[in-house]
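Here's the letter readout for the chains.
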Amino acid sequence: MQSMLRLRPAAILLFLLPLLLPFVDGQQPGGPPSVEVTCQYSENAAKIDVSPTGTNYITATCTIENSSFGTEKIEIEYGADGLNVVGPPEVTVAGGQSVEIQVAIAATEGMAPQTRNISVTAEVLSFNDIPIAEQIRPSDESNILIEILSYSDFTVDISPNTLKMDAGGMPGSVTVLVRNMGNDADVYDLSVATTDLAARGFNVSIPDTVVSAPKGGSASFTISLTPPDELSTEKIEVKVTVSSSEHGNTLSKSEVFTVNATAAETGLLDFSSMNIPSWAWASGGVLAALVFLAIVGSLIRKKRSGSQYEVEYDDDDDDFDDDDFDDDDLDDLDDLDDLDDLDDLDDLDMDLDDLDF
């Protein structure tokens, strides 16, 4: 009985002896407990698109290999490095066999661009259903590199979106505001469809056609318009396009603002639009002057003729008596027939034919 007790520790040591031997890479099947992990993207990083239209996740394959002679129960742990990582927590691998596992890695939308390292650690928990002490458990580790990509996203606003322009009037301007909604600093290019404006004589000035904005920031463009002296009253739609190609793919967004053009006001007697020769203007001026002189001369003659028949009356004359006024004196008024001479206005004879135009 005692001999049996002495043999038990020796048997246990004999069983544990393979576990105490050092592990050597490239062991052939049939060796002591061991594990090896190899993961996809351990050298070349997997790229994750965290834009609003991106998939935001990738799946990596890891291979768990058991090169021992016995069946192993293997625990798997994952280092997330700020990402969401999901994979099997443990696997059972027969001696000399390997299994593949899928590791899903998800990033948060809008996450800042950078490279992340996901660790995958495999540790042997038991060998042929016999637990292995924690201090001597075989383990191995691999990694999965993740690159969070930069992406462009922005909004475009134009203020004011309607611009009133008068012919020959003051210049005006609109502001194109770009807000960076991406996950990295960005550079924006501006293009303006100026063909319709140029055809109508507008002068278009754009000081800067390229601007930059930090993540979460904004930048602006200014479009200045100077109207020509002549315009037709109409509405002109101007298309503005903002684009970015800083992060690989080109993203473009367009908006439209309206120019309300107004023609110059004209009076009821706008002689400027009439094609009248200069000699006609001169002839008309001379004729108008002659008519004016004729009217003035006629008025002067009438005044002189009327003054000959004015009756002087003195308010202080006390000798005036109603009886002195004889009806016979009314006969003297017949002499006023000479007033018919006032109708003779033909004395002012103006021979217009003598005028040389």
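Quick note: structure is the one above.
Residues numbered from 1 in each chain as written. Predicted model: local features only at pLDDT ≥ 70, side-chain atom pairs only at ≥ 80, totals over all residues. Heavy atoms only, no water.

Participant: Would you mind going over the sheet that holds strand β12 (residues 162-166) with me for this structure?
Facilitator: Within a beta sheet, neighbouring strands are joined by backbone hydrogen bonds and run either parallel or antiparallel to one another. Taken together, the five strands give an open sheet; going across it, the order is β12-β19-β18-β14-β16, and neighbouring strands pair in mixed fashion. The open sheet is flanked by β12 and β16 (210-213), the only strands paired with a single partner. Across the sheet, the axes of successive neighbouring strands diverge by a mean angle of 30°, strand direction being ignored. Across five bridges, the pairing between β12 and strand β19 (residues 251-262) is parallel. Bridging across to β19, Met 165 finds its partner in Ala 261. (Pairing = 2+ DSSP bridges. Helix = DSSP H or I, 4+ residues; strand = E, 2+ residues; numbered from the N terminus. Axes fitted to C-alpha atoms, helices over the stretch in contact; angles between N-to-C directions.)

Participant: Mind showing me how you'd approach the nonpolar core here?
Facilitator: One recurring pattern in soluble globular proteins: nonpolar side chains tend to sit buried together. Ile 64, Ile 74, Leu 83, Ile 105, Ile 144, Ile 146 and Ile 148 are the most contacted members of the largest nonpolar core, which totals 30 residues. Per-element tally for this core: the top contributor is strand β8 (residues 115-127), with five residues. Not counting chain neighbours up to four residues away, the residues in contact with Ile 105 comprise Ile 48, Asn 56, Tyr 57, Ile 58, Leu 83, Asn 84, Val 85, Ile 118, Ile 144 and Ile 146. In this structure, Ala 167, Ala 213, Ile 223 and Ile 236 belong to the second largest nonpolar core, which totals 28 residues. (Core = buried A, V, L, I, M, F, W, Y, C linked by side-chain atoms within 4.5 Å. Buried < 20%, exposed > 50% of the residue type's maximum accessible area, 1.4 Å probe, protein only. Contact = heavy atoms within 4.5 Å.)

Participant: Whenever I open this one, the state of the cysteines confuses me. Can you help?
Facilitator: Put plainly, a disulfide is one covalent bond tying together the sulfur atoms of two cysteines. Here the structure, examined in full by the defined rule, presents one disulfide. What pairs with Cys 39 in a disulfide is Cys 62, and their sulfur atoms sit 2.0 Å apart. Judged by the torsion about the S-S bond (110°), the Cys 39/Cys 62 disulfide is right-handed. Of the two residues, Cys 39 sits in strand β1 (residues 36-39) while Cys 62 sits in strand β3 (residues 57-65), which places them 23 residues apart along the sequence. (Disulfide = S-S within 2.5 Å.)

Participant: Explanation requested: the packing of aromatic side chains in the structure shown.
Facilitator: Aromatic ring pairs are described here by two measures, namely the spacing of the ring centres and the angle between the planes. Counted by the stated rule, this structure contains two aromatic pairs. Seen from their ring centres, Phe 69 and Phe 127 are 4.9 Å apart, and the 85° between their planes marks the pair as edge-to-face. Taken together, the positions of Phe 69 in the loop between β3 and β4 (72-79) and Phe 127 in strand β8 put the pair 58 residues apart, joining distant regions of the chain. Ring centres of Phe 154 and Tyr 188 lie 5.1 Å apart, and the angle between their planes is 70°; on these two criteria the pair is classed as edge-to-face. (Phe/Tyr/Trp six-rings, centres within 6.5 Å; stacked < 30°, edge-to-face > 60°.)

Participant: Would you explain the side chain of Asn 66 in this entry?
Facilitator: Here Asn 66 is to be found in the loop between β3 and β4. A distance of 3.1 Å separates the side chain of Asn 66 from the backbone oxygen of Ala 94, its partner in a polar contact. Residue contacts for Asn 66: discarding those within four places in its chain leaves Ser 34, Thr 71, Glu 72, Val 93, Ala 94, Gly 95, Gly 96 and Gln 97. (Polar contact = N/O pair within 3.5 Å; in protein donor to acceptor, adjacent residues only side chain to side chain.)

Participant: Hey, could you run me through a nonpolar patch on the surface in this one?
Facilitator: On the surface, a nonpolar cluster with roughly 360 Å² of combined accessible area is contributed by Leu 287, Val 291, Ile 295 and Leu 299. By the secondary structure assignment, Ile 295 is in helix α3 (residues 278-307). Residue classification places Ile 295 among the partly exposed positions, given a relative accessible area of 48%. (Patch = residues over 30% accessible without salt bridge, like charges linked within 9 Å, V, L, I, M, F, W, Y side chains within 5 Å. Areas by Shrake-Rupley, 256 points an atom, 1.4 Å probe, with all protein chains shown as cover. Salt bridge = Lys/Arg side-chain N within 4 Å of Asp/Glu carboxyl O.)

Participant: What am I meant to see in the pairing of strand β6 (residues 90-93) here?
Facilitator: Side-chain direction in a regular strand flips from residue to residue, so the side chains alternate between the two faces of the sheet. Residues Val 91 and Val 93 line the buried face of β6, whereas the alternating positions Glu 90 and Thr 92 sit on a face that is not buried. Bridging between β4 and β6 involves four bridges; their strand directions are antiparallel. Of the residues in β6, the one forming a bridge with Glu 72 is Val 93.

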